[in-house]
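# Notes for the structure review
The lines below spell out each chain.
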Amino acid sequence: MNATAAPLSPLAPYAATLLRLALGVLFLVHALTKLLVFTPAGTAAFFESLGLPGVLGYLTIAVELAISAALLLGIYARWIGLLGVPLLLGTIVTVHGANGFSFANAGGGWEYPAFWALALVVLFLLGDGRWTLRSR
């Protein structure tokens, strides 16, 4: 099968849409948790406790909100979603990697952020799906 062949299912664009929206909601929930529960200052303090610059906490909130908006609205979603991959891999390196594989482990293992990063790559490969504001 060549790369220009039609999708295996006429429902594939709807599957991509469902994945895009689910990923957008995940980013929104995580950004709002940092913003409203932990607070931006608390998030920055947590980043500093990891040995990272506190400003990365603020930047992370902004990036998560931007990625969420792009995914939910369908604004170059497959490309902007890729920005989340290094963000999630960074959580594995800085926080979750040392806690083992299972996300049920104390402190949360790397299972969840790794799967989330993989889902973003899958969305990139599938495309934006239906009902987008800007698609490529």
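Look a little higher up for the structure.
Residues numbered from 1 in each chain as written. Predicted model: local features only at pLDDT ≥ 70, side-chain atom pairs only at ≥ 80, totals over all residues. Heavy atoms only, no water.

Moving on to the side chain of T60. One can find T60 in helix α3 (residues 55-73). Accessibility expressed as a relative area gives 9% for T60, which makes it buried. Those residues within four positions of T60 in sequence are excluded, and the remaining contacts are K34, F47 and L87. (Helix = DSSP H or I, 4+ residues; strand = E, 2+ residues; numbered from the N terminus. Buried < 20%, exposed > 50% of the residue type's maximum accessible area, 1.4 Å probe, protein only. Contact = heavy atoms within 4.5 Å.)

The next subject is unusual backbone geometry. Glycine aside, a negative phi is what most residues show, and trans is what most peptide bonds show. If you check the backbone angles, T39 has positive phi at about 70° while not being a glycine. Note on placement: T39 falls in the loop between α1 (12-37) and α2 (40-49). Exposure remark for T39: the relative accessible area of 35% places this residue in the partly exposed category. Even without glycine at this site, W131 takes up a positive phi of about 55°. Tracing the backbone through its elements, the reader meets W131 in the segment after α6 (111-126).

A word on the pattern of salt bridges. All told, the structure shown has 1 salt bridge when counted by the stated rule. With a closest N to O distance of 3.1 Å, E64 and K34 form a salt bridge. Here the residue E64 occupies a position in helix α3, and K34 occupies one in helix α1, the gap between them amounting to 30 residues. By the burial criterion, E64 is buried, and K34 matches it. (Salt bridge = Lys/Arg side-chain N within 4 Å of Asp/Glu carboxyl O.)

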